[in-house]
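# Examination of the molecular architecture
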Protein chains: 2
Amino acid sequence: MKKIVYRGPIFNVEEWKLPKTGTKFARVVGHDAVAVLPILDDGRIIIEKQYRHPLERYLYEIPAGHIDEGETPTAAARRELEEETGYYPKKLKRIFGIFEAPGSFTQFLHVFLAEDLVQKKISRETDEVITTIKISLEKAQNMILRNQICDAKTISSILYYSRFKSK
Amino acid sequence: MKKIVYRGPIFNVEEWKLPKTGTKFARVVGHDAVAVLPILDDGRIIIEKQYRHPLERYLYEIPAGHIDEGETPTAAARRELEEETGYYPKKLKRIFGIFEAPGSFTQFLHVFLAEDLVQKKISRETDEVITTIKISLEKAQNMILRNQICDAKTISSILYYSRFKSK
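Reading the values: the criteria
- Residues numbered from 1 in each chain as written.
- Chains lettered and ligands numbered in written order.
- Predicted model: local features only at pLDDT ≥ 70, side-chain atom pairs only at ≥ 80, totals over all residues.
- Helix = DSSP H or I, 4+ residues; strand = E, 2+ residues; numbered from the N terminus.
- Buried ≥ 20, exposed ≤ 12 C-beta atoms within 10 Å, placed from the backbone.
- Contact = placed C-beta atoms within 7 Å.
- Pairing = 2+ DSSP bridges.
- Axes fitted to C-alpha atoms, helices over the stretch in contact; angles between N-to-C directions.
- Core = buried A, V, L, I, M, F, W, Y, C linked by C-beta atoms within 7 Å.
- Least-squares fit on C-alpha atoms with pLDDT ≥ 70 in both.
- Nonpolar A, V, L, I, M, F, W, Y, C, P; charged D, E, K, R; others polar.

On to the environment of Gln141 of chain A. Checked against the element boundaries, Gln141 of chain A lands in helix α2 (residues 137–145). Under the C-beta neighbour-count criterion, Gln141 of chain A is labelled partly exposed, with 19 such atoms within 10 Å. Between the C-alpha atom of Gln141 of chain A and that of Leu159 of chain A, which follows or precedes it by 18 residues, the distance is 7.5 Å. If near-sequence neighbours (up to four positions away) are discounted, Gln141 of chain A is found in contact with Ile158 and Ser162 of chain A together with Arg163 of chain B.

Moving on, we get to the sheet that holds strand β9 (residues 108–119) of chain B. Residues and elements named next belong to chain B. If you walk across this open sheet you meet the 4 strands as β7-β4-β9-β8, and the pairing is mixed. Two strands in the sheet have a free side with no partner beyond their single neighbour: β7 (64–66) and β8 (87–99). Ignoring which end each strand starts from, the neighbouring axes of this sheet average 25 degrees apart. By the bridge criterion, 6 bridges tie strand β4 (residues 33–38) to β9 in an arrangement that is parallel. Across the sheet, the residue bridging to Leu37 is Leu113, located in β9.

To continue, consider the nonpolar core. Counting 68 residues, the largest nonpolar core has Val34 and Val36 of chain A together with Val34 and Val36 of chain B as the members making the most contacts within it. Counting residues in hydrophobic clusters, the runner-up holds 14 residues, among them Val28 and Ala101 of chain A together with Val28 and Phe105 of chain B.

Turning next to the relation of the copies chain A and chain B. Rotating chain A by 180 degrees and moving it 0.0 Å along the rotation axis overlays it on chain B with an RMSD of 0.0 Å. The symmetry that links the two subunits is that of a two-fold axis. The C-alpha atom lying nearest the rotation axis in chain A is that of Ser156 of chain A; the distance is 2.4 Å. In this assembly, 100% of the residues forming the interface of chain A have copies in chain B that are likewise at the interface, indicating an isologous arrangement.

Quick look at the interface of chain A and chain B now. In this assembly, 49 residues from chain A lie in contact with 49 residues from chain B. Listing elements by their share of the side of chain A that touches chain B, those giving two or more residues are β1 (3–7), β2 (11–17), β3 (24–30), β8 (87–99), α2 and α3 (152–165) of chain A. With 9 residues, the top contributor of residues to the side of chain A that touches chain B is α3 of chain A. Looking at side-chain class alone, the side of chain A that touches chain B contains 26 nonpolar, 13 polar and 10 charged residues.

Structure follows, in structure tokens:
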């Protein structure tokens, strides 16, 4: 029997006892999420440099965010991409999905490939500190190799695209 | 000012207010972790099929676990590999590192490449339900493509190795 022991603004925590040993266990439960790999017509990738409050540092990441109540993953992907980069995707396709931290986090993240991008205006959430860079797939891979990109979903997405999707 | 609002067996939760908007924010704070990509002499990868209590399902993953108090990442990687697969690595090298879920999780995970593996006895933790499979790099990539492998650190590690490390 799982019991909610913490209710927070972004996630809840549930506790229960493991069947064999009776050891107390806990998990973090929150909304599922989406991430979007945006590819420009010239092949460059749009990457964000975002301040991550929990880490107290900047990270290079692809656009991502939680799926709102009642929203489809596709709608969330389109919304997050527009909010964070100002681009609207005429082509948007789910390519894979990941558990980010399955040892304690139930969240599942859907990864989308966004192409045929049309520039619009940015309407960013107030607490987000984001700038974007546009880099080639080769440069992105070099940033992974030098540990300048160290976000799991971003590394997965870039290498997945490089291995399975790019021409 | 961050305040601990939940203390648990595996992680704590801290809350604070964001500077600009005063919005309440929360983060999960736990020990950093390691993951190990074990490569056999014939090139096959050792992958675990592990029951993940938080997800209530099995996942295919590379060996991984938390770094104990006072332990180095390298020692943790060696220990987790032995505990979960029964193999001791004569060659063990850190290849990259990732934040698994930077939106709310401070945990950093170091990924190691383990080679020259020597088989030993398994001494597994009681609550872990793990079996292992040994598969080629090609088969592992096919499992990613079919979404049979859907763990972020495992996808990152296999594709990183495939792109940058394999001969």
